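# Structural overview
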Amino acid sequence: MKMGEDVRGAHSEGPQKLVLCVLCGLPAAGKSTFARALRHQLQQELGWAVGVVAYDDVMPEAVLEEASARPLPSQWKLFRQELLKYLEHFLLAVINGCQLSAPPSRTEAMWKDFITCLKDQELISSAAVEAQSLYPLTKTAVSRPLLLILDDNFYYQSMRYEVYQLARKYALGFCQLFLDCALETCLQRNAQRPRPLPAETIHQMGNKIEKPNPEKNAWEHHSFAIQSPACASEARLKLTDLLITALENPIKYVEENLEQKETDRLICSTNILHQADQTLRRIVSQTMKEAKDEQMFPYNLKLLAEELNKLKAEFLEDLRQGNKKYLCFQQTIDLSDVISFFHYEKDNIVQKYFSKQH
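What comes next is a walk through the structure. As the structure is a prediction and not an experimental result, all values here were calculated from the model. One numbering rule holds for all chains: residues counted from 1, following each sequence as written. Only residues with pLDDT of 70 or above have their local features reported here, since the model is predicted, and side-chain atom pairs are shown and tallied only from 80 upward, although totals for entire chains, interfaces and linings are computed over all residues. The basis for the side-chain values is all heavy atoms of the structure; hydrogens and waters are excluded.

## Quick notes on the pairing of strand β1 (residues 18-24)
On a regular strand, each side chain points to the face opposite its neighbour's, so the side chains alternate between the two faces of the sheet. Buried residues dominate β1, accounting for seven of its seven residues. Any residue under 20% of the maximum accessible area for its type is buried, any over 50% is exposed, and the rest in between are partly exposed; the area is computed with a 1.4 Å probe on protein chains only. Strands here mean DSSP runs of E at least two residues long; helices mean DSSP runs of H or I at least four residues long; both are numbered from the N terminus. Alternating positions in β1 separate into two faces, L18, L20, V22 and C24 on one and V19, C21 and L23 on the other, with burial throughout. Here the rule is simple: two strands pair whenever DSSP picks up at least two bridges between them. Judged from the six bridges that link them, β1 and strand β5 (residues 146-151) form a sheet pairing that is parallel. Its bridge partner being in β5, L23 is matched across the sheet by D151. One ladder, built from six bridges, connects β1 with strand β6 (residues 173-180); its direction is parallel. Its bridge partner lying in β6, V22 is registered against Q176.

So this is what it looks like as structure tokens:
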């Protein structure tokens, strides 16, 4: 791809060019090391402004220091959503050319780490006072193409789709990089870390991970799998081309035909509602059987069954009413999407009850 001056760093007339890049893969796959190298490369070769937001570095430290060493999945979900809210505030500041404002509702330790992350990468002024609620952006952040790399496991499709929704909301570029690393290699690296994850957690994540699937999901079109740890020169060229393509082709926000959307929703609901009901029933039944086999306390089993059945009912209601709570798509989805999102929410609930037994 031929690179114009604006792609190489000199900001052209017009709106700021922004890309949200999801960097996903198993724990200890080498994502953070790769992100730092990519940031340096793009700064040197293209003159872009690049920010790496590593979720592990921004999550509240107090939670990480608990006896479990890691927060429950349900907590991580809340923290991820809060971090996306911080990112949205930063994006609005860049788009509008104004100062970054602190959200009124925030976790102070988490917000402080987020601000430090931006300062360290020269995206907001290092002179900004910690106690203030407005933070001036640097010239680099607003005068060059800006790539924000979000570094986390993102092992469920639904986690990545939240970032895509944010990109679509503001007509930004969006892409995904999947670091493909052998499970055994991840386990070996993890064991050498100061605060390793339980090996079982990585095994479970390896079984559950939903790799980007551009053939199935149009929104995952700009995705690239990288063999870890090395990235050959040919792969680097393809990667650079992908990032430039994402930069030059932001997601277009299309005004929706509400009448057509309602028609499509009714067709979708009619076709998959019955299938979803049967499938979710089987998933709940299998989950309860596994919980009994794991000798979950009877009282917890009763509460788990109630909560899973409530979750199933809410998912089915989402399908009936137009996907408003869990299935927050603005397009027709198929049964596999419903199942994927249900598994994600179900796993959060199950983990909560097992944690009560320890």
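## Digging into the pattern of salt bridges
A pairing counts as a salt bridge when a side-chain nitrogen of Lys or Arg comes within 4 Å of a carboxyl oxygen of Asp or Glu. This structure, assessed with the given rule, holds 11 salt bridges. The closest approach of N and O atoms between E306 and K302, which form a salt bridge, is 2.9 Å. With E306 and K302 both in helix α12 (residues 298-321) and four residues apart, this pair spans about one turn of that helix. Here K302 falls in the partly exposed class, since its relative accessible area comes to 48%. Salt bridges linked by common partners bring K208, K346 and D347 together as one network.

## Comments concerning unusual backbone geometry
Here the phi dihedral of A28 falls at roughly 70°; this positive angle occurs in a residue that is not glycine. Here A28 is to be found in the loop between β1 and α1 (31-45). A28 gets classed as buried once you look at its relative accessible area, which sits at 3%. At Q295, a residue that is not glycine, the phi angle is positive and equals roughly 60°. Among the structural elements, Q295 can be located in the loop between α11 (258-293) and α12.

## Remarks on the packing of aromatic side chains
Working definition: a ring pair exists when centres of Phe, Tyr or Trp rings (six-membered ring for Trp) sit within 6.5 Å. Plane angles under 30 degrees give stacked, over 60 give edge-to-face, the rest tilted. The full count for this structure, using the stated rule, is 13 aromatic pairs. Residues Y155 and Y156 carry aromatic rings whose centres are separated by 4.7 Å and whose planes lie at 40° to one another, so their mutual orientation is tilted. Taking relative accessible area as the criterion, Y155 reaches 16% and is therefore assigned buried. Between Y164 and W219, the ring centres sit 5.5 Å apart and the planes meet at 45°, which makes this aromatic pair tilted. With Y164 in helix α7 (residues 157-169) and W219 in the loop between α9 (199-208) and β7 (223-227), this residue pair connects regions lying 55 residues apart in the sequence. Of the two residues, Y164 and W219, neither departs from the other in class, the shared state being buried.

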